[in-house]
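The lines below spell out each chain.
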Amino acid sequence: MMCFIAIIALLTIGVTSAEVFFEEKFENENWKDDWIYSQHPGKEFGKFIHSAGSFFNDAEEDKGIQTSQDARFYALSKRFDGFSNEAKPLVVQFSVKHEQNIDCGGGYVKLFDCSLDQTDMHGESPYEIMFGPDICGPGTKKVHVILSYKGKNHLINKDIRCKDDVYTHFYTLIIKPDNTYEVLIDNEKVESGNLEDDWDFLAPKKIKDPNASKPENWDDKATIPDPDDKKPEDWDKPQHIPDPDATKPEDWDDEMDGEWEPPMVDNPEYKGEWQPKQLDNPNYKGAWEHPEIDNPEYSPDDNLYLRKEICTLGFDLWQVKSGTIFDNVLITDDIELAAKVAASVKDTQSGEKKMKELQDEVQRKKDEEESKKNTENHDEEDDDDDDENIESKNESEDNGHDEL
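Residues numbered from 1 in each chain as written. Predicted model: local features only at pLDDT ≥ 70, side-chain atom pairs only at ≥ 80, totals over all residues. Heavy atoms only, no water.

Novice: Now, about a negative patch on the surface: what can you tell me, with residues and values included?
Specialist: A grouping of Glu250, Asp251, Asp253, Glu255 and Asp257 is seen on the molecular surface, where their side chains present a negatively charged patch. Among the secondary structure elements, Asp253 is positioned in the loop between β17 (240–242) and α3 (254–257). (Patch = residues over 30% accessible without salt bridge, like charges linked within 9 Å, V, L, I, M, F, W, Y side chains within 5 Å. Areas by Shrake-Rupley, 256 points an atom, 1.4 Å probe, with all protein chains shown as cover. Salt bridge = Lys/Arg side-chain N within 4 Å of Asp/Glu carboxyl O. Lys, Arg positive; Asp, Glu negative; His and termini not counted. Charge placed at Lys NZ, Arg CZ, Asp CG, Glu CD. Helix = DSSP H or I, 4+ residues; strand = E, 2+ residues; numbered from the N terminus.)

Here's what the structure looks like:
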């Protein structure tokens, strides 16, 4: 009986230990009551509107907050009960829909500690985590994963490509207490690894031995010129020669045009710069590798994952063309819950694509009708011009008979 009670207790602990620290689905217009716009001076901030966009799967369920003004900074945040992820996973997840086919702008979130002044949030405000997609032209299409460590922001050393289409996508960051991490897009892992290996938080474990240097007699040339190879006597030929088929133009005037010279053409006998044959170097020792030693400045840290305090989430970004929709924000320590929430993305995308295809078809037919109408109007104008020309000709002929 005691064993059974113990098992039930363990199961209960497993069920109740998972926490949702923050969740926002922007379900109605009341979302404005809890979110605060920054009033940082010197910036012209854009406004968010409550919208599912111009194409969607569910008109109500898919409503989020949408950037509404072009060429604007956006700075909006919401505070919640502070927490620490000590000894447990941290999952940051949200959805992004760049339905405007974004050309340059951010789609990420920032997590702050409780010291943030929300009314003064701006690009230089210290944060704990910055995560999400960033697009600017064809060269920048990446997922930012920036973590703060000892007051300095560190960007992941790997290049993670983000989605750049017009549909909804879920972005998920998982940081675990064993100092490992995962990045998922639409519930599929796109990157993972170790925090120490993939960020420059710590000094390197090994450094080059400052007292070591390549020996003077170290030969690192794999091949050497053949000393017995000699350049052929007939090797040297000019790269260009006068065109043998060219002739002086008959109207060429030496006094006016100067002395005539035939144009130059490629010399078919030109062989290029002579180089002796290469032989294996008998003294070759291979590439010299600088020996390494333990770095005295390296100090391991088992708490690279740890965020001691998080209590504000903010959208702090710039967009050239507005229209991005943010939704389904979730911060939790429950990896399975996050996966279950993100699993809805396939249905969302399917509905969006279906509606957009219908809209595109309607627009295509409309464009065809407009094009056809313009063509008909153009033909009518041409007919009118022809009639006017005929009338003008007839009048001219009549006038000629009168003169007779």
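Novice: Before we move on, could you go through the environment of Met121 and cite the residues and values that matter?
Specialist: Structurally, Met121 is set in the loop between β8 (109–112) and β9 (129–136). With relative accessibility at 0%, the residue Met121 sits in the buried group. The sequence separation of Met121 and Gly314 amounts to 193 residues, and the corresponding C-alpha distance is 8.5 Å. In this view, Met121 contacts Ser38, His40, Phe45, Ala75, Leu76, Ser77, Phe112, Leu116, Gly314, Phe315 and Asp316; residues no more than four positions away in its chain are not counted. (Buried < 20%, exposed > 50% of the residue type's maximum accessible area, 1.4 Å probe, protein only. Contact = heavy atoms within 4.5 Å.)

Novice: I'd like to hear about the packing of aromatic side chains, residue by residue, with values.
Specialist: Ring pairs (aromatic) are described by centroid distance and by the angle formed between their planes. A full pass over the atoms with the stated rule returns 18 aromatic pairs. Judged by centre distance (6.4 Å) and plane angle (65°), the rings of Phe48 and Phe326 are edge-to-face. Linking Phe48 in strand β3 (residues 48–51) with Phe326 in strand β22 (residues 324–332), this pair joins segments that are 278 residues apart in sequence. Judged by its relative accessible area of 4%, Phe48 falls in the buried class. Both rings, one in Phe73 and one in Trp318, keep their centres 4.8 Å apart while their planes meet at 55°; by these two values the pair is tilted. Placement of the pair is Phe73 in strand β5 (residues 72–83) and Trp318 in strand β21 (residues 310–319), with a sequence separation of 245 residues. (Phe/Tyr/Trp six-rings, centres within 6.5 Å; stacked < 30°, edge-to-face > 60°.)

Novice: With reference to specific residues and values, describe the nonpolar core.
Specialist: When a protein is soluble and globular, its nonpolar side chains tend to lie buried together. Ranked by size, the top nonpolar core spans 57 residues in total, and within it Phe131, Val143, Val145, Leu195, Leu313, Phe315 and Ile331 carry the most contacts. Apart from residues lying up to four places away in sequence, Val145 is in contact with Met130, Phe131, His154, Leu155, Ile156, Ile160, Leu173, Val183 and Trp199. Formed by five residues, the second largest nonpolar core is a distinct cluster that contains Val91, Ile174, Leu184 and Leu330. (Core = buried A, V, L, I, M, F, W, Y, C linked by side-chain atoms within 4.5 Å.)

Novice: Can you explain the state of the cysteines? Please cite residues and give values.
Specialist: Under the criterion given, the structure shown has two disulfides. Two residues share a disulfide in this structure: Cys104 and Cys136, whose sulfurs sit 2.0 Å from each other. On the S-S bond that ties Cys104 to Cys136, the torsion sits near -85°, and the link is left-handed. On the criterion of sequence distance, the pair formed by Cys104 in strand β7 (residues 104–106) and Cys136 in strand β9 is long-range, its members being 32 residues apart. By relative accessible area, Cys104 is classed as buried at 15%. We classify Cys136 as partly exposed; its relative accessible area is 36%. Cys114 shares a disulfide with Cys311; S-S distance 2.2 Å. (Disulfide = S-S within 2.5 Å.)

Novice: With reference to specific residues and values, describe the layout of surface pockets.
Specialist: By volume, the largest pocket is sized at about 400 Å³. Considering the residues around the largest pocket, the lining is formed by 22 residues, among which Glu61, Asp62, Asp327, Asn328 and Thr348 are closest to the centre. Of all the secondary-structure elements, those providing two or more residues to the lining of the largest pocket are β6 (90–98), β12 (168–175), β22 and α5 (345–403). For the lining of the largest pocket, the element with the highest residue contribution is β22, accounting for four residues. Looking at side-chain class alone, the lining of the largest pocket contains six nonpolar, six polar and ten charged residues. Approximately 240 Å³ is the volume found for the second largest pocket. Looking at the second largest pocket, it is lined by 14 residues, and the ones nearest its centre are Tyr108, Gly123, Asp316, Leu317 and Trp318. Among the elements of the structure, β9 and β21 are those that each provide at least two residues to the lining of the second largest pocket. Element by element, the count of residues in the lining of the second largest pocket is highest for β21, at three residues. (1 Å grid on protein atoms, 1.4 Å probe; cavity = no way out; pocket = protein on both sides within 12 Å on 5 of 7 lines; lining within 4 Å. Points joined across faces, edges and corners; volume = space filled by probe spheres on them. Nonpolar A, V, L, I, M, F, W, Y, C, P; charged D, E, K, R; others polar.)

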